[in-house]
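Each chain, letter by letter, is given below.
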Amino acid sequence: MASGSAAQLIQIPYLPTIRQAVLHSTTAFEVMFGGQAGGGKSEALLWEAYQICLEVPGAIVAVFRRTYPELEESLIRRSLNKFPPGWGKYNVSRKEWRFPNKSVLEFRHCEKEKDVYDYQSAEWQHLFIDELTHFTEFQYEYLKSRVRAGDPTRRGVKCASNPGNIGHAWVKRRFITGKKPDVVYETPIDVDLAWRLGIDLATVKPSSSIFIPARLRDNPYMMDNDPQYAIRLMGLPAAERRALLEGDWDIFEGQVFDSFRSDLHVIPPMVPQQSNAKRFAVDYGYTEPFCCLWAAREPDGHVIIYREAYERLLPAHAQAKMIVSQSGDELYYSRLGDPSMWSHNQDKSIIDIYQENGVYLQPANNTRIAGKMRVHEYLETDDEGRPWVQFTQNCHNLIRTLPELIYDKHNVEDVDTHGEDHAYDVLRYILMGMPSIRRDSRQSGNHPY
């Protein structure tokens, strides 16, 4: 593979496979490349990033993995071993390749959701994300918003991933569900929002996206260099084998709440009668979302989560005022808060600020494993097929994030907190404030609030 001008041709030691060539040639702004393990995904991203830096003077290109150890053990090591000597210099402290034409290839990571704000002032011409399903949708959207530099015709976001992990559901929803592979789809423009922002639609064009599947058999280099690789993948557990060897996006390895079904657990918006015991619970956040959920417990023990507040970058006093505003004149059996809100890291605790603005809370039961099991209990159905907990359609973030949570690899009994678990935490607080669902209590009609 060659790059550079006619006067200075640089020979790159990389010959793309047929599938990698599709990745390099697509004109779509957002690209998801992958599926099976061993399809040459990381290699393709790295070499395209390198070529852009050679061809476009002054280009700033970012290459991401979720954590720095993953970045160092894969992409950084590979670049040091494979990039031709003399056409760039690697700065170890800054984790960057710098080129004579002023282009820069940055290796970056974003382990926690709030780490995206480390890149608030970043301006990239091209963004590459390896193992996209390791990232949350919020991280992806924020990092994508930093692609705003250089020639508009050369801007883009290219990602690679296998199925599975915390981002499986949103990646599948965004790039795969209802779409054909290798077809470029335009992203509809929100006309009303564009009008409110004063954007002239005659001067802009819709964004576009594509999913390019990559299979092990499409990568002759892997098949020739390690013919036993496929045999090793065949020895994996069934779900993981289907994801990695077959590239099956319908399998979701490690999903915690696999009993959640939108047709059962999601109901039209409604406000329950005041006679039902109402309560709300709060999980504080600033750089990560603050979440409040309102719930009502019916006399027969069923629970309706009927209202949601979910905001980022909202100060504590504004969160409290939002809760007061949305609560109206409703009466509540209990008001629960994340126990960390009582911590005094500054002159005032978060709970002090809440109370000054009219919201009085009690510490929630934050027992994680028991709380997870309580959520499992309430997601089950009664003898008539109705779930013990249901969510109204306006609880968008709870409905979106609950089925996407996966187990923690280091604590297999708990939810991976790297996922977007804020609404789940509040649900857990609410349900831990209610009795466990037991057949004997249901039959006796004893349903304490």
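Look a little higher up for the structure.
Here the structure is a predicted model, which is why all the values come from computation and not from measurement. (Residues numbered from 1 in each chain as written. Predicted model: local features only at pLDDT ≥ 70, side-chain atom pairs only at ≥ 80, totals over all residues. Heavy atoms only, no water.)

Undergrad: Tell me what's going on with the environment of Asp338, and back it up with residues and numbers.
TA: In this fold, Asp338 is placed in the loop between β16 (334-337) and α12 (350-356). Between the C-alpha atoms of Asp338 and Asp283, which are 55 residues apart in sequence, the distance is 5.2 Å. Beyond its immediate sequence surroundings of up to four residues, Asp338 is in contact with Val282, Asp283, Tyr284 and Tyr429. (Helix = DSSP H or I, 4+ residues; strand = E, 2+ residues; numbered from the N terminus. Contact = heavy atoms within 4.5 Å.)

Undergrad: Residue-level account of the packing of aromatic side chains, with values.
TA: Summed over all chains, the structure comprises 20 aromatic pairs. Relative to Trp124, the ring of Tyr119 has its centre 5.8 Å away and its plane inclined at 50 degrees; by these criteria the two rings are tilted. Like Tyr119, the residue Trp124 is buried in the burial classification. Taken together, the aromatic side chains of Tyr14, Trp47, Tyr50, Phe83, Tyr90, Trp97, Phe99 and Phe107 make up a single cluster linked through ring pairs. One Lys or Arg, Lys95, reaches over the ring of Tyr68 and ends 4.9 Å from the middle of that ring. Between the NZ or CZ atom of Arg307 and the centre of the ring of Trp294, over which it lies, the distance is 5.2 Å. (Phe/Tyr/Trp six-rings, centres within 6.5 Å; stacked < 30°, edge-to-face > 60°. Buried < 20%, exposed > 50% of the residue type's maximum accessible area, 1.4 Å probe, protein only. Lys NZ or Arg CZ within 6 Å of the ring centre and 35° of its normal.)

Undergrad: Could you give an account of a nonpolar patch on the surface, with specific residues and numbers?
TA: Taken together, Leu193, Leu197 and Ile199 make up a surface patch of nonpolar side chains, about 270 Å² in accessible area. Inspection of the secondary structure puts Ile199 in the loop between α6 (191-196) and β11 (208-214). (Patch = residues over 30% accessible without salt bridge, like charges linked within 9 Å, V, L, I, M, F, W, Y side chains within 5 Å. Areas by Shrake-Rupley, 256 points an atom, 1.4 Å probe, with all protein chains shown as cover. Salt bridge = Lys/Arg side-chain N within 4 Å of Asp/Glu carboxyl O.)

Undergrad: How would you summarise the packing of helix α1 (residues 18-25) against helix α2 (residues 41-55) if you had to cite specific residues and measurements?
TA: One can describe the packing of α1 onto α2 by two numbers: an axis separation of 10 Å at closest approach and a directional angle of 40 degrees. Considered as vectors, α1 and α2 are oriented oblique to each other. Where α1 crosses over α2, the two elements pack in a sense that is right-handed. Residues Gln20, Leu23 and His24 of α1 pack against Glu43, Ala44, Leu45 and Glu48 of α2. Split into classes, the residues belonging to the contact of α1 with α2 amount to three nonpolar, two polar and two charged. (Axes fitted to C-alpha atoms, helices over the stretch in contact; angles between N-to-C directions. Parallel < 35°, antiparallel > 145°, perpendicular 65-115°, else oblique. Left-handed = near helix turned anticlockwise from the far one by under 90°. Nonpolar A, V, L, I, M, F, W, Y, C, P; charged D, E, K, R; others polar.)

Undergrad: Before we move on, can you summarise the sheet that holds β16 with the specific residues and values?
TA: Reading across from one edge, β12-β18-β15-β14-β13-β16-β17 is the order of the seven strands in this open sheet, with mixed pairing throughout. Two strands close off the open sheet at either side, each with one partner strand: β12 (266-267) and β17 (362-363). In the packing of helix α11 (residues 316-327) onto the sheet, the strands contacted are β13 (277-283), β14 (290-297) and β15 (303-311), and the crossing angle to β14 comes to about 25 degrees. (Pairing = 2+ DSSP bridges.)

Undergrad: Now, about the pattern of salt bridges: what can you tell me, with residues and values included?
TA: Applying the stated criterion across every chain, the model contains 27 salt bridges. One salt bridge connects Arg65 with Asp130, and the closest N-O pair in it is separated by 3.6 Å. Here Arg65, found in strand β4 (residues 60-65), pairs with Asp130, found in strand β8 (residues 126-130); they are 65 residues apart in sequence, far enough to count as distant. Summarising the burial analysis for this pair, Arg65 and Asp130 share the class buried. For Lys278, the salt bridge goes to Glu330, with nearest N and O atoms at 3.3 Å. Linking Lys278 in strand β13 with Glu330 in the loop between α11 and β16, this pair joins segments that are 52 residues apart in sequence.

Undergrad: Break down α1 for me, citing the residues and quoting the values.
TA: Listed in full, the buried residues belonging to α1 are Arg19, Gln20 and Leu23. Mapping the buried residues of α1 onto a view down its axis gives an arc of 100 degrees, with all of them on the same face. For α1, the exposed residues set more than 90 degrees away from the buried face come down to Ile18 and Ser25. (Arc of directions from axis to C-beta.)

Undergrad: Can you break down the packing of α2 against helix α3 (residues 68-82) residue by residue, with the values?
TA: Two numbers describe how α2 lies on α3: the axes approach to 11 Å, and their chain directions differ by 60 degrees. Handedness of the α2/α3 crossing: right-handed. On the side of α2, the interface is formed by Ser42, Glu43, Leu46 and Trp47, while α3 contributes Leu75, Arg78, Ser79 and Lys82. Tallied by class, the residues present in the contact of α2 with α3 amount to three nonpolar, two polar and three charged.

Undergrad: Please give an account of unusual backbone geometry that cites residues and values.
TA: At Lys95, a residue that is not glycine, the phi angle is positive and equals roughly 55 degrees. Here Lys95 is to be found in the loop between β5 (89-91) and β6 (96-98). With a phi angle near 75 degrees, Asn165 is a residue other than glycine that sits in the positive phi range. Along the chain, Asn165 turns up in the loop between β9 (156-161) and α5 (168-176). The exposure class of Asn165 is buried, given its relative accessible area of 16%.

Undergrad: Run through the pairing of β9, naming residues and quoting values.
TA: Of all six residues in β9, six are buried, a share of seventy percent or more. Side-chain alternation along β9 places Gly156, Lys158 and Ala160 on one buried face and Val157, Cys159 and Ser161 on a second face that is also buried. In this structure, β8 lies alongside β9, joined through five bridges in parallel fashion. Looking at β9, one finds that His126 is bridged to Gly156.

Undergrad: Mind laying out the environment of Leu402, listing which residues take part and the relevant values?
TA: Among the structural elements, Leu402 can be located in the loop between α14 (396-401) and α15 (422-432). Between the C-alpha atom of Leu402 and that of Tyr424, which follows or precedes it by 22 residues, the distance is 6.1 Å.

Undergrad: How would you explain α3 if you had to name every residue and give the values?
TA: Between its first and last C-alpha atoms α3 spans 20 Å; for 15 residues at 1.5 Å apiece the expected length is 21 Å, and the two agree. At Ile76, α3 is bent by approximately 30 degrees, the largest bend along its length. Taken together, the buried positions of α3 are Leu71, Ser74, Leu75, Ile76 and Ser79. Packing partners of the buried residues in α3 comprise α2, β4, β5, β6, β7 (104-109) and β8. (Expected span 1.5 Å × (residues − 1). Bend = angle between axes of the 7 residues up to and from the residue.)

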